[in-house]
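The primary structure of each chain is shown beneath.
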Amino acid sequence: MDLATLARYQLVLKALGHRINGVKILDAGCGDGVLSWMLAVRGAKVYGIDIDEKAIRIAKEKCRNINVNFCVASIYDIPFPSRCFDSILCIDVIEHLQKPHKALNELKRVWNGFGPIVITTPIRWRDIPKSKFHVIRSIP
């Protein structure tokens, strides 16, 4: 993990404040599970989803000694009932999505309105993305 990512994770923890212990949190696009782990050791009930099977395998290995639930799933079709999460995190994911509005609607569907939804991106709008994995789109 690079320092910029760690700094974003620290800001996410700060944004959640004291609302972590016992809170049911969805880590949408959890990747290798580092943020999920940081939340779980603070007492959150964490559910991580990612489309990448390898990332989920790594996340499960990293979190094997703590209670975090991971599954392979699309952010466009989250396999949980409506209104079941207190807070939702979508960290450095939205810039990879072809249909961000569809993802945002799905995140809203599973959020119960109790805590914050935190969405971050490491990039700014530009003509050419820094990463080949970032989607090019125009600002409406």
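Just above sits the structure.
Residues numbered from 1 in each chain as written. Predicted model: local features only at pLDDT ≥ 70, side-chain atom pairs only at ≥ 80, totals over all residues. Heavy atoms only, no water.

Caption draft 1: Spotlight on the environment of D27. Position of D27 relative to the elements: it lies in strand β1 (residues 24–28). In this structure D27 comes out as buried when scored by relative accessible area, which is 2%. Taking the C-alpha atoms as reference points, D27 and G48, 21 residues apart in sequence, are found 4.6 Å from one another. Those residues in contact with D27 that lie beyond four places of it in its chain are L35, S36, V46, Y47, G48, I49 and L89. Within the structure, the side chain of D27 is placed 2.7 Å from the side chain of S36, a separation counted as a polar contact. (Helix = DSSP H or I, 4+ residues; strand = E, 2+ residues; numbered from the N terminus. Buried < 20%, exposed > 50% of the residue type's maximum accessible area, 1.4 Å probe, protein only. Contact = heavy atoms within 4.5 Å. Polar contact = N/O pair within 3.5 Å; in protein donor to acceptor, adjacent residues only side chain to side chain.)

Caption draft 2: Quick peek at helix α1 (residues 3–16). Between its first and last C-alpha atoms α1 spans 20 Å; for 14 residues at 1.5 Å apiece the expected length is 20 Å, and the two agree. Within α1, burial applies to T5, R8, Y9, V12, L13 and L16. Looking straight down α1, one finds its buried side chains confined to an arc of 140°; they lie on one side. In α1, the exposed positions that point more than 90 degrees away from the buried face belong to L3, L11 and K14. Against β1, α2 (34–40), β4 (87–91) and β5 (117–120) lie the buried residues of α1. After α1 finishes, the residue G17 shows a positive phi value of roughly 60°. (Expected span 1.5 Å × (residues − 1). Arc of directions from axis to C-beta.)

Caption draft 3: Structural context of unusual backbone geometry. At R83, a position not held by glycine, the phi torsion is positive, near 60°. With respect to the secondary-structure elements, R83 resides in the loop between β3 (68–72) and β4. Assessed through its relative accessible area of 56%, R83 is described here as exposed.

Caption draft 4: Highlighting the pairing of β4. Counted residue by residue, β4 has five buried out of five residues, so it is predominantly covered. Here β4 shows a buried face lined by S87, L89 and I91 and a second buried face lined by I88 and C90. Alignment of β1 against β4, held across three bridges, turns out to be parallel. Looking across to β4, one finds that I25 is bridged to S87. The parallel pair β4 and β5, bridged by helix α4 (residues 100–110), forms a crossover whose chirality is right-handed. (Pairing = 2+ DSSP bridges. Right-handed = clockwise from strand over helix to strand, strands pointing away.)

Caption draft 5: Spatial organisation of the environment of L104. Structurally, L104 is set in helix α4. Relative accessible area serves as the criterion here: at 33%, L104 is assigned to the partly exposed category. Separated by 29 residues in the primary sequence, L104 and I75 have C-alpha atoms spaced 8.6 Å apart. Leave out the neighbours within four places in its chain, and L104 touches I94 and I119.

Caption draft 6: Fine view of the packing of aromatic side chains. Per the stated rule, a full pass over the model turns up three aromatic pairs. Pairing Y47 with F85 gives two aromatic rings, centres 5.6 Å apart and planes at 70°, and the pair type is edge-to-face. Residue Y47 is found in strand β2 (residues 45–50), and its partner F85 is found in the loop between β3 and β4; the two are separated by 38 residues along the sequence. Under the relative-accessibility criterion, Y47 is labelled partly exposed at 22%. Judged by relative accessible area, F85 falls into the buried class, the value being 0%. Here the aromatic residues Y47, F80 and F85 are joined through ring pairs into a cluster of three or more. For K24, the ring lying beneath its charged end belongs to F85, and the centroid distance is 5.3 Å. (Phe/Tyr/Trp six-rings, centres within 6.5 Å; stacked < 30°, edge-to-face > 60°. Lys NZ or Arg CZ within 6 Å of the ring centre and 35° of its normal.)

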